[in-house]
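Here's the letter readout for the chains.
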Amino acid sequence: MYCSSWQFWSSLHKGSSGRCPWLLFPFFTLWLFAPPPSQLSRCDWLCVMTRSDRVVNCSCDWLKSLDLSRVTAFSPAEDRFNMAASLRCFLRTGKNAVSALQRREFHRSLPAAVQVTVRDALNQAMDEELERDERVFLLGEEVAQYDGAYKVSRGLWKKYGDKRIIDTPITEMGFTGIAVGAAMAGLRPICEFMTFNFSMQAIDQVINSAAKTYYMSAGLQSVPIVFRGPNGASAGVAAQHSQCFAAWYGHCPGLKVVSPWNAEDAKGLLKSAIRDDNPVVFLENELMYGVPFEMSEESQSKDFTIPIGKAKVERQGTHVTMVTHSRYVSHCLDAAAVLAKEGIECEVINLRTIRPLDVDCIETSVMKTNHLVTVEGGWPQFGVGAEICARVMEGPAFNYLDAPATRVTGVDIPMPYAKILEDNSLPQIKDIIFSVKKTLNV
Amino acid sequence: MQNMLTIISNALCRITGRNVLLIDLSEYVSLTSPAAPVLAQTERQPPKPPPVSTRAPAAELVSSQTDQLDRPGSRVVVSRSFADFTPQATFDIKKCDVHRLEEGPPVKATLTRDQGLQYYRIMQTVRRMELKADQLYKQKIIRGFCHLYDGQEACAAGIEAAINPSDHLITAYRAHGYTYTRGVAIKEILAELTGRKGGVAKGKGGSMHMYAPHFYGGNGIVGAQVPLGAGIALACQYQGNNQVCVTLYGDGAANQGQLFEAFNMAALWKLPCIFICENNKYGMGTSVERASASTDYYKRGDFIPGLRVDGMDVLCVREATQFAADHCRSGKGPIVMELQTYRYHGHSMSDPGVSYRTREEIQEVRSKSDPISLLKDRMLSNNMAAVEEFKEIDIAIRKEVEEAAQYATSDPEPPLEELCNHIFKNDPPLEVRGTHPWATLKSVS
């Protein structure tokens, strides 16, 4: 570790923006005693640098796109490169981080398929919808002049101005009510919550003022609004900032609840949500913001939308159906790759929409594979997985099950802070693999 | 009618010895309540023009023989000819306390005969409708919540007189009066209370959830309507249509945190929002002194200018709302108004209303400051209308409310097929889970 740290410092010095490295020395002495890199995941270095308050995290742009064949140990060289890159990233917080990949600009014609981060896809979706319909506007904390707490709305205020991109004070209940009122009066707001944890302060406006109104008024008063923001666990932000709200919002009639995974999902579903005449809760994931995905040519068009309420089969399989949403689609695909080496072919379904749930897709798959495993980050009790299991039991697919359905969920505790505790509070790839094998009884 | 007038004019000719001209003006004054647009089928219909008040005042039609007919014997005979009434009068109204304003609304208000009759009609209709709801509730034909508005009619009538139908209004659950002034027919209101398909919301909303074009309810959660109202004002500002939003809340809601959040943003962005606190002295069973550290609700906006208004005088309310609307429309930002008013009923029908206040207090307000009596006495003492006229209006309104109640009790309940409709707008039909897995219900937008 000591000799590698020398190499680390030199690569850091080469890449740094001219600041004196020795000023940073105290911060990084701890790293000399850090655990061997092979046991840490890509995002771990990021955790060391980020703080748990509401400050923008360095984007993970330096991550390469998912390579399914390399799941476990990294090479020491790659680790040093990653450490140095993330430090450069940290030093340049506030400006665009170094990216080894192409970044799409607005309104430029492009080659066929391109790598786009989830953040940029969301940005594009909002930009295109703001341009398309004058009634659309964005409001939330730090969305305008700060370019967005997680930089999702970067550049929009410069382009559209104060009228369409509105910075609010830190008063969730107030500005959510204002957004809902504006929607009632004919506009189409996008209400951003810095994280969905803060939406709890405004949940009365979301449920009682937005979700129920069309029904209570028997169709006289509609509320075309989108509530969006990061949902679920982040990295090291502890209990009050890590709750998953998919089950809470998914419980309520009158709401549509959407949970995208990759960049295409993000763009297509956000565009659909904004064009929808109903209240839509759009659950993003902070850890996915910086992850690049390939976007097809079709998805780069300004009219590309994905219908709300339809799931997607990300990977075909024959032995077991894995139903999941958001970040855990990646985990399931990784687990499926590992299991494929052992001859177990998993079918991975990306739910895309939590409410209304695409039960038909799940049932068709279960009737083919005869086994069901649900994977989510939220708590198990009364969660998304619980609902899927209940629906499968009530439908025709039950007769095709060869084993009880299994739910892989977050641990039923408030999220702890310490790294090791946090890692073990959420489903890991090994947990998914274990559950699949148990379900298949192998 | 013509014959009668001829006979009368002949008789008068003999009595007075002069030529008497009697003009039949009955078609100019409608004695029934304003017609309401059909709301149940469509959404966002353009509001109907206001009734009556813009018609030619009777002043133009008064003959020069006004004084000739002012004899005791002739008073009964000329009850249908409006020639001897004062067309217009100016009244002194109570000065409003102001907060952060250099001057308040004017202390004199002009009332024309037509306006007076119109306000009387509106207030009397709301009164009778609320009393009919009370009756129906006691007969268990109305169930659940029923928050009655009698005693506070001057607020609804005065506010509506000062704003345009294209302006917006949102209030809390004591909403029947505003539902009426914003254009919904009495029978639709009562049918909604009784939960029938002819109700405003087809029986799905109930007492607290009635909607109309530019009227956003009817909100059950105390205080939630205030940020909504600020949002509606934001939409007005965004669209640049010179409209204002009147956002009402009570003395109980005045302590809600979300109100102050809304005040902050409304003042920051200069939203055209009139925040009106209807202070009826009791938040459910808690008097204002026991609930609020500061009972000067018009000052609670702090950096927002405020007015304290006598809410039992319809002219006071009208002048103050006019002042407030002008303030907002000129781009100066929001304004807070406190209307000091009183409710005769308890908080809701399950509250007798006498455990936290005395019957003497209620009686005193009824005898000294009843809004309808105040207006009526004003008009009578200034010879703007006759007692019989008011009696006729009362009879007509009673009849109308009775018919509406009849409709509300006889209309069928909504069909079960409608149970799951209106979950989403503009969506393809979807399946809704029923009480058990075999009950598949359909929802149509």
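Positions within a chain are numbered from 1, following the residues in the order the chain's sequence is written. Chain letters start at A and ligand numbers start at 1, both assigned in the order the entries are written. Local features in this predicted model are restricted to residues whose pLDDT is 70 or higher, and side-chain atom pairs enter the listing and the counts only when it is 80 or higher, whereas totals over whole chains, interfaces and linings include all residues. As a rule here, side-chain values come from all non-hydrogen atoms in the structure, and water together with hydrogens is ignored.

Draft legend 1. Seen up close, the packing of aromatic side chains. Side-chain rings of Phe, Tyr and Trp, where Trp is taken by its six-membered ring, are said to pair if the distance between their centres is within 6.5 Å; with planes under 30 degrees apart they count as stacked, over 60 as edge-to-face, and otherwise as tilted. Tallied over the full model, the rule gives 15 aromatic pairs over all chains. Ring geometry for F260(B) versus F263(B): centroids 5.6 Å apart, planes at 85°, classification edge-to-face. Taken together, the residues F260(B) and F263(B), both in helix α8 (residues 257-269) and three residues apart, mark about one turn of the helix. Each residue gets one of three labels from its accessible area relative to the maximum for its type: buried under 20%, exposed over 50%, partly exposed in between, using a 1.4 Å probe on protein chains only. A relative accessible area of 29% means that F260(B) is categorised as partly exposed. For F263(B), a relative accessible area of 2% puts it in the buried group. An aromatic cluster of three or more residues is present, and its members are F175(A), F193(A), F196(A), F227(A), F245(A), W248(A) and Y249(A). Secondary structure elements follow DSSP: runs of H or I of four or more residues count as helices, runs of E of two or more count as strands, with numbering from the N terminus.

Draft legend 2. Focus on the UniProt feature "domain: Dehydrogenase E1 component" (unreviewed entry) in chain B. In the UniProt entry, the feature "domain: Dehydrogenase E1 component" (unreviewed entry) is given for residues 123-416 of chain B. For residues 123-416 of chain B, the helix share is 46%, the strand share is 11%, and the end-to-end C-alpha distance is 37 Å. UniProt positions are given in the numbering used here, feature names are shortened, and annotations may be inferred rather than shown by experiment.

Draft legend 3. Representation of the interface of chain B and chain A within the structure. Listed as interface residues are 40 residues of chain B and, on the opposing side, 45 residues of chain A. By convention, the term buried area covers the 1.4 Å-probe accessible surface removed from two parts as they join, with the contributions of both added. Both sides of the chain B and chain A interface together cover about 3,800 Å² of buried area, and 65% of this is carbon and sulfur. Of all residues in chain B, the largest losses of buried area upon contact with chain A belong to Y211(B), Y238(B) and F424(B), amounting jointly to 20% of the total for that side. A pairing counts as a salt bridge when a side-chain nitrogen of Lys or Arg comes within 4 Å of a carboxyl oxygen of Asp or Glu. Connecting chain B to chain A are two salt bridges. K256(A) is the salt-bridge partner of D427(B), the closest N and O atoms lying 2.8 Å from each other. A 3.5 Å cut-off defines polar contacts: any pair of N or O atoms within that distance qualifies, except that in protein one atom must be a possible hydrogen donor and the other a possible acceptor, and neighbouring residues in sequence count only when both atoms are side-chain atoms. Linking chain B with chain A are 16 residue pairs in polar contact (both at pLDDT 80 or more). Those elements giving two or more residues to the side of chain B that touches chain A turn out to be α7 (225-239) and α8 of chain B. Looking at the side of chain B that touches chain A, the element that brings in the most residues is α7(B), giving nine residues. Charged means Asp, Glu, Lys or Arg here, nonpolar means Ala, Val, Leu, Ile, Met, Phe, Trp, Tyr, Cys or Pro, and polar covers whatever is left, Gly included. Tallied by class, residues from the side of chain B that touches chain A come to 21 nonpolar, eleven polar and eight charged. We call two residues contacting when some pair of their heavy atoms lies within 4.5 Å.

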